[in-house]
Amino acid sequence: MAGLSDRMMAVAGMVTPGKQVADIGCDHAYTAIYLMEAGIAAKVIAMDIGAGPLEIAKKNIDTAGLSDRIETRQSDGFEKLNIGETDSAVIAGMGGGLIISILEKGKDIIVPGYELILSPQSDISEVRRYLRENGHRINKEIIIYDQGKMYNIMRVGAFGGLMPDEVQGVVRMNDNSDIFEDTKARETNELFDEFGEYLLNHPTDIYKDYIDLTIKKKKDLIARLTNCPGESVSERLGLIEKELGMAEKARDYIEGLTYGKGKDD
């Protein structure tokens, strides 16, 4: 539909057909309208914290002839949503920190089996880490380019992974309360948080190019900073070298899949 970017078309396309969807931060409701017009959603509640955008959303919904099928609410995240009203939520077009805050405040709504369609514009690794540590599972993740920018889009199953007290890499001993972290599991979690477990196990050509470009940029930056004086430069160099090492691990992981050494699909 007019007004919907390629990115938001891809976001809408990640919604499982037949879901009752909360469009969090709906802005002008283009995504909500598309979900109904395309026959993807059974119901949409379009919500935005701003009164102005919500008024425009109402007008757009009315013009589309969908006022009886799309409800609007002024809401800070999940605040004005009741338990059981929806079984899926779209949260896109905002920073990762804000998405994490919305998910944290909406814990009562996000029951086991609830679907989350997320497209953070920043702090993607932090979003992945939050999801993992709270027992959610990224069932699918894609990368698309829209107007020269790269975007990640995730379909998440609430509590589809391990629960918080069973987080990977943590072993609870029966004889005391000490918690020992397995180094290999921790490193794997760090890799998956940074580069995406699903993406690493289902690498597309776009994703492989992204990994290679990341490695090249890190190496170029290291070459420019090497032998530059100053403690702050040395600290930055150490951080970039660590980031390079992580990117090279991602490339090695993908190459392991190619030669049959990686995780099965």
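Residues numbered from 1 in each chain as written. Predicted model: local features only at pLDDT ≥ 70, side-chain atom pairs only at ≥ 80, totals over all residues. Heavy atoms only, no water.

### Side note on helix H5 (residues 124–133)
Along H5, the positions that sit buried rather than exposed are Ser125, Val127, Arg128, Tyr130, Leu131 and Arg132. Tucked into the core, H5 has its buried residues touching helix H4 (96–105), strand S5 (115–120), strand S6 (137–146), strand S7 (149–157), helix H6 (183–195) and helix H7 (197–201). Glycine 135 sits one or two positions beyond H5 and adopts a positive phi of about 80°. (Buried < 20%, exposed > 50% of the residue type's maximum accessible area, 1.4 Å probe, protein only. Helix = DSSP H or I, 4+ residues; strand = E, 2+ residues; numbered from the N terminus. Contact = heavy atoms within 4.5 Å.)

### Some thoughts on unusual backbone geometry
Its identity is not glycine, yet alanine 29 carries a phi of approximately 70°, on the positive side. For alanine 29, the position within the fold is in the loop between strand S1 (20–24) and helix H2 (30–37). One non-glycine residue with positive phi stands out, namely aspartate 123, at about 50°. Following the sequence through the fold, aspartate 123 ends up in the loop between S5 and H5.

### Here we look at the packing of H5 against H6
The geometry of H5 relative to H6 is characterised by a closest axis approach of 7 Å and an angle of 130° between their N-to-C directions. The angle between the axes of H5 and H6 places the two elements in the oblique class. Considering the relative orientation of H5 and H6, their crossing is right-handed. On H6, the residues that touch Ser125, Arg128, Arg129 and Arg132 of H5 are Asn189, Phe192, Asp193, Glu194 and Phe195. Across the contact of H5 with H6, the residue classes tally to 2 nonpolar, 2 polar and 5 charged. (Axes fitted to C-alpha atoms, helices over the stretch in contact; angles between N-to-C directions. Parallel < 35°, antiparallel > 145°, perpendicular 65-115°, else oblique. Left-handed = near helix turned anticlockwise from the far one by under 90°. Nonpolar A, V, L, I, M, F, W, Y, C, P; charged D, E, K, R; others polar.)

### Considerations on the pairing of strand S3 (residues 70–74)
Examined bridge by bridge, strand S2 (residues 43–48) and S3 share 5 bridges and lie parallel to one another. Looking across to S3, one finds that alanine 46 is bridged to threonine 72. Regarding topology, helix H3 (residues 51–63) serves as the crossover connection from S2 to the parallel S3, and that connection is right-handed. (Pairing = 2+ DSSP bridges. Right-handed = clockwise from strand over helix to strand, strands pointing away.)

### Some thoughts on the pattern of salt bridges
This model, assessed by the stated rule, comprises 12 salt bridges. Where arginine 129 meets aspartate 193, a salt bridge forms, and the shortest distance between an N and an O atom there is 3.5 Å. Pair noted here: arginine 129 is in helix H5 and aspartate 193 is in helix H6, with a separation of 64 residues, a long-range link. With a relative accessible area of 24%, arginine 129 lands in the partly exposed category. A relative accessible area of 3% places aspartate 193 in the buried class. With a shortest N-O distance of 3.2 Å, glutamate 197 and arginine 137 are connected by a salt bridge. Of this pair, glutamate 197 sits in helix H7 while arginine 137 sits in strand S6; the two residues are 60 residues apart in sequence, bridging distant segments of the chain. Judged by its relative accessible area of 18%, glutamate 197 is buried. Take arginine 137: its relative accessible area is 30%, and that puts it in the partly exposed class. Look at the salt bridges and you will find they share partners, linking Glu126, Arg129, Arg132 and Asp193 into a network. (Salt bridge = Lys/Arg side-chain N within 4 Å of Asp/Glu carboxyl O.)

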